[in-house]
Amino acid sequence: MLLSSCGEYNKLLKSTDYEYKYEAAKTYFAKGQYNRAATLLNELIAILKGTDKAEESLYMLGMSYYNQKDYQTAAQTFIQYYNVYPRGTFTELARFHAGKALYLDTPEPRLDQTGTYAAVQQLQMFMEYFPQSGKKEEAQNMIFALQDKLVMKDYLSAKLYYNLGNYMGNNFQACVITAQNALKDYPYTNLREDLSVLVLRAKYELAVYSVEDKKPERYREAVDEYYAFKNEFPESKYIKEAERIFKESQKILKD
């Protein structure tokens, strides 16, 4: 009842009874009043340093930020927790939520993916430290989802390079490199067929726009790419396009 009014909360903020503040913070946390809990816990962490209450306070602080959807601050707090308490009571949960908080904060594929790489790293570390955790499957599924986001970023980049063509440089070569790197890094991606046809298209366009002495070599590379594509995707939705590229390349080589 004492915690039910703003007046009592303001008195609590000024109080030097840190045991009472600690219990109040736990009460606010249990009631879902995470902003008030976080305000008290931020003060208590330093004051209670060296006690088991400081450890619990730091973890609750991370969860308070997490439940307020302040995922960046939550992740930083969880990372601070497991660095300070590497064998602490909540270390497994802190490592898991550090990764999940970053996962929930990742941007759409078109944007910079620095945060996505950070989330993958945290989740992989969690699985390395706690391979038998009951949250392992959830962590693995988040990693798969993050990898899908990263490969989509590469696909969109490769597609952009292809669409730019020869504008301000050899963008077809950049398309080939970007798509091939994505195929190498994420061999089981659902975008494998789409990335592979981009490589085929770009290699063909490279041949078309090459200087005369390089055309034969590059058309042969396009033909080789066609065979690789057809072998892997014999029923591809792009097979007619691939056949056209093959026939046109063969025609140029015969001439």
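In case you missed it, the structure is sitting above this.
Residues numbered from 1 in each chain as written. Predicted model: local features only at pLDDT ≥ 70, side-chain atom pairs only at ≥ 80, totals over all residues. Heavy atoms only, no water.

Novice: Whenever I open this one, helix α7 (residues 114-129) confuses me. Can you help?
Specialist: Helical periodicity: at 3.6 residues per turn, an α-helix aligns residues three or four positions apart in one direction. Its 16 residues give α7 an end-to-end C-alpha distance of 23 Å, which sits within 8% of 22 Å, the value for a rise of 1.5 Å per residue. As for α7, its buried residues are in contact with α5 (71-84), α6 (91-104) and α8 (136-164). (Helix = DSSP H or I, 4+ residues; strand = E, 2+ residues; numbered from the N terminus. Expected span 1.5 Å × (residues − 1). Contact = heavy atoms within 4.5 Å.)

Novice: Sorry, what's going on with the nonpolar core here?
Specialist: Nonpolar side chains tend toward joint burial in soluble globular proteins. One finds Tyr28, Tyr59, Tyr66, Phe78 and Tyr81 to be the most contacted residues of the largest nonpolar core, which totals 43 residues. Among the secondary structure elements, those contributing two or more residues to this core are α1 (6-14), α2 (18-30), α3 (34-47), α4 (52-67), α5, α6, α7 and α8. Considering every element that reaches this core, the biggest residue donor is α4, with 8 residues. Filtering out sequence-adjacent residues up to four positions away, tyrosine 59 remains in contact with Phe78, Tyr81, Phe90, Leu93, Ala94 and His97. Membership of the second largest hydrophobic core comes to 18 residues, among which are Leu183, Tyr186, Leu191 and Ala202. (Core = buried A, V, L, I, M, F, W, Y, C linked by side-chain atoms within 4.5 Å. Buried < 20%, exposed > 50% of the residue type's maximum accessible area, 1.4 Å probe, protein only.)

Novice: How should the side chain of asparagine 171 be read in this particular structure?
Specialist: Within the secondary structure layout, asparagine 171 lies in helix α9 (residues 171-185). A polar contact is formed between the side chain of asparagine 171 and the backbone oxygen of glycine 165, at a distance of 3.0 Å. When residues no more than four places from it in sequence are discounted, the contact partners of asparagine 171 are Tyr161, Tyr162, Leu164, Gly165 and Asn166. (Polar contact = N/O pair within 3.5 Å; in protein donor to acceptor, adjacent residues only side chain to side chain.)

Novice: Please explain the packing of helix α10 (residues 192-208) against helix α12 (residues 239-254) as it appears in this structure.
Specialist: Two quantities define a packed helix pair, namely the angle between the helix axes and the distance between the axes. The geometry of α10 relative to α12 is characterised by a closest axis approach of 11 Å and an angle of 25° between their N-to-C directions. Here α10 is positioned roughly parallel relative to α12, judged by the angle of their axes. By crossing handedness, the relation of α10 to α12 is classed as left-handed. Of α12, the residues touching α10 (which contributes Val197, Leu200, Arg201 and Tyr204) are Glu241, Ala242, Ile245, Glu248 and Ser249. Its residues assigned to classes, the contact of α10 with α12 comprises 5 nonpolar, 1 polar and 3 charged. (Axes fitted to C-alpha atoms, helices over the stretch in contact; angles between N-to-C directions. Parallel < 35°, antiparallel > 145°, perpendicular 65-115°, else oblique. Left-handed = near helix turned anticlockwise from the far one by under 90°. Nonpolar A, V, L, I, M, F, W, Y, C, P; charged D, E, K, R; others polar.)

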